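Per-entry structural report
Residue-level listing of the chains:
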Amino acid sequence: MATIKLACFDSKPYDVKFIEAENAKRRIDIKFFAERLGPDTATLAAGHDVVCAFVNDQLDATVLDAIHAAGVKLVALRCAGYNNVDLAAAYEKIHVVRVPDYSPYAVAEHAVALMLTLNRKIHRAFPRVRDNNYSINGLLGFDMRGKTAGVVGTGHIGKILSGILRGFGMEVLVYDLYPDPAFAAASGCVYAPLDELYRKADIISLHCPLTPETHHLINAAAITKMKRGVMLINTSRGKLLDTAALVDGLKSGAVGYAGLDVYEEESGYFFEDKSDEVMLDDMLARLNSFNNVIVTSHQAFFTKEALENIAATTLKNIALFFASGELPNEICYHCGKVPCPKKSSPDGKCF
Ligand code: NAD
């Protein structure tokens, strides 16, 4: 079989390291591009069979048409989320695969790190002690045991997080479009309508995908239904949360804490060193000004185990497709599920 040619966009040194280590077994011809994939960079894909993309690469109709015309047959996302891909535009042109569950532990554990840091104010204690200030005024936290957590989305990550929080002795209310009663029975979590979860939870953590239905799921109306002083954690996608409404909630005290690994307009900032530049994003600057907000730069996935799994599954997805046409991690163009429950329907399509 001819050598597979792969164009890997938005490549950082850690991507190159883990993908090259995995490729030692496979010998795919990989060209790493630091550039993000978008209308201005799509021409770089010319001469390649596959494009490997990450969360902030832009895979809209224009880009998909351009890379299709350039001969690309497969888009291999090296991430779980796929909201940056216009699946309808890809349909019958380019197959799109992802890495569905490279390490749900990495993301769930990062959500817990944000919760504990915010609650026990470690981010404020650390610089104080380094400045020889050993006062603990203002650092009062709360026992998590006995409190109620609300977990929105009980897929791979939401389930792991729920289990960790049950281990803390928390009551865990969960919400999902497709509840899993066996998981609830085994874990002691309780499925509840979203309004009840909002009303009762002391900490709310988002683990559903970004879809038209979940865009600004947490907006001003939702915040008014929550306990005053609620802690909001978002490690999923920035646009699940209306940032302006969050800022208003933080200013009024309706929201007591926010831990954000993702941000609505993150693509201009996250993953890049902007420390020599003037901050131009007023909303991000405002978020960073609150002492009860922690923003991390989309690093929840960033563990050694996750990067090894991402590299292994991404290259396996590619090798399998070109060897046998198999696409076990193809994203269904209609429902987004992997595998699509309707893939076995007589017409073989979910539409
Ligand atoms: P998953 O597909 O296993 O689970 C998602 C769950 O959300 C499913 O159970 C689904 O039924 C549910 N869901 C879908 N629409 C919903 C809705 N409207 N309301 C409530 N629930 C809904 O996904 P996962 O692996 O658990 O990942 C969850 C999200 O985390 C991903 O979509 C991705 O955006 C994000 N993520 C972030 C990072 C990071 O580094 N910050 C890393 C990986 C994934």
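Procedures and definitions
- Residues numbered from 1 in each chain as written.
- Predicted model: local features only at pLDDT ≥ 70, side-chain atom pairs only at ≥ 80, totals over all residues.
- Heavy atoms only, no water.
- Helix = DSSP H or I, 4+ residues; strand = E, 2+ residues; numbered from the N terminus.
- Rg over C-alpha atoms; globule rule 2.2 N^0.38 Å.
- Buried < 20%, exposed > 50% of the residue type's maximum accessible area, 1.4 Å probe, protein only.
- Contact = heavy atoms within 4.5 Å.
- Lys, Arg positive; Asp, Glu negative; His and termini not counted.
- Charge placed at Lys NZ, Arg CZ, Asp CG, Glu CD.
- Disulfide = S-S within 2.5 Å.
- Salt bridge = Lys/Arg side-chain N within 4 Å of Asp/Glu carboxyl O.
- Domains from an automatic or database assignment.
- Buried area = accessible area lost by both parts, 1.4 Å probe.
- Polar contact = N/O pair within 3.5 Å; in protein donor to acceptor, adjacent residues only side chain to side chain.
- Near = heavy atom within 4 Å.
- Areas by Shrake-Rupley, 256 points an atom, 1.4 Å probe, with all protein chains shown as cover.
- Pairing = 2+ DSSP bridges.
- Right-handed = clockwise from strand over helix to strand, strands pointing away.
- 1 Å grid on protein atoms, 1.4 Å probe; cavity = no way out; pocket = protein on both sides within 12 Å on 5 of 7 lines; lining within 4 Å.
- Points joined across faces, edges and corners; volume = space filled by probe spheres on them.
- Nonpolar A, V, L, I, M, F, W, Y, C, P; charged D, E, K, R; others polar.

1. Focus: the overall build of the chain
When helices and strands are tallied, the chain shows 12 helices and 12 strands. Computed over its C-alpha atoms, the radius of gyration of the chain comes to 21 Å, within 12% of the 20 Å expected for a compact globule of 351 residues. In terms of overall dimensions, the chain has a C-alpha envelope of 65 × 50 × 35 Å along the principal axes. Classification of the 351 residues of the chain by burial places 51% in the buried group. When contacts within the chain are restricted to residue pairs at least 6 apart in sequence, long-range pairs at least 24 apart make up 65% of them. Each charge class in the chain can be summarised by its mean position, and for the 37 positive and 41 negative side chains these summaries are 6 Å apart.

2. Description of the state of the cysteines
One pass over the structure, following the stated rule, counts zero disulfides. No disulfide involves Cys 189; its sulfur sits 16 Å from the nearest other cysteine sulfur, which is in Cys 208. Classification of Cys 208 as buried rests on a relative accessible area of 12%.

3. Brief notes about the pattern of salt bridges
Counted under the stated rule, the structure contains 16 salt bridges. Lys 225 is paired through a salt bridge with Asp 195; the nearest N and O atoms lie 3.2 Å apart. Of the two residues, Lys 225 is situated in the loop between α9 (220-224) and β10 (230-234) and Asp 195 in helix α8 (residues 194-200); the sequence distance between them amounts to 30 residues. Here Lys 200 and Glu 196 are joined by a salt bridge, their closest N and O atoms 2.8 Å apart. Pair noted here: Lys 200 and Glu 196 are both in helix α8, with a separation of four residues, about one helical turn. By relative accessible area, which is 38% here, Lys 200 ends up partly exposed. Classification of Glu 196 by relative accessible area gives partly exposed; the value is 22%.

4. Observations concerning the domain arrangement of the chain
What the domain assignment reports for the chain is domain 1 (5-102 + 304-324) and domain 2 (104-295). The C-alpha-based centres of domain 1 and domain 2 are spaced at 30 Å. Between domain 1 and domain 2, the residue contacts involve 13 residues of the former and 10 residues of the latter. Buried area between domain 1 and domain 2, summed over both chains or domains, comes out near 970 Å², and the portion from carbon and sulfur atoms is 52%. It is Arg 36, Asn 56 and Asn 83 that lose the most area in domain 1 upon contact with domain 2, and together they represent 42% of the buried surface on that side. The interface formed by domain 1 and domain 2 includes five residue pairs in polar contact (both at pLDDT 80 or more).

5. Notes on the site of the ligand
Around the ligand sit 23 residues in total, of which Tyr 102, His 156, Ile 157, Asp 176 and Thr 235 are the nearest. Separating an oxygen atom of the ligand from a side-chain N or O atom of Ser 236 is a distance of 3.4 Å. The contact in question runs from an oxygen atom of the ligand to an N or O atom on the backbone of Phe 301, over 3.0 Å. Out of a free accessible area of 860 Å², the ligand has 89% covered by protein chains.

6. Notes on the pairing of strand β1 (residues 5-8)
Each regular strand displays side chains that alternate between the two surfaces of the sheet. Alignment of β1 against strand β2 (residues 29-32), held across four bridges, turns out to be parallel. Among the inter-strand pairings, Cys 8 is bridged to a residue of β2, identified as Phe 32. For the crossover from β1 across helix α1 (residues 13-23) to β2, the handedness is right-handed. By the bridge criterion, three bridges tie β1 to strand β3 (residues 50-53) in an arrangement that is parallel. What sits directly across from Cys 8, in β3, is Cys 52.

7. Description of the layout of surface pockets
Approximately 280 Å³ is the volume found for the second largest pocket. Considered class by class, the residues forming the lining of the second largest pocket number three nonpolar, six polar and five charged. Counting only domains with at least three residues in the lining of the second largest pocket, you end up with domain 1 (5-102 + 304-324) and domain 2 (104-295).

8. Overview of the sheet that holds β10
Here seven strands make up an open sheet; going across it, the order is β8-β7-β6-β9-β10-β11-β12 and the pairing parallel. Edge strands, defined here as strands with exactly one partner in the open sheet, are β8 (190-191) and β12 (293-295). Note that strand β6 (residues 148-152) and strand β9 (residues 203-206) share four bridges and pair parallel. Each bridged residue has a counterpart across the sheet, and for Gly 150 the counterpart in β9 is Ile 204.

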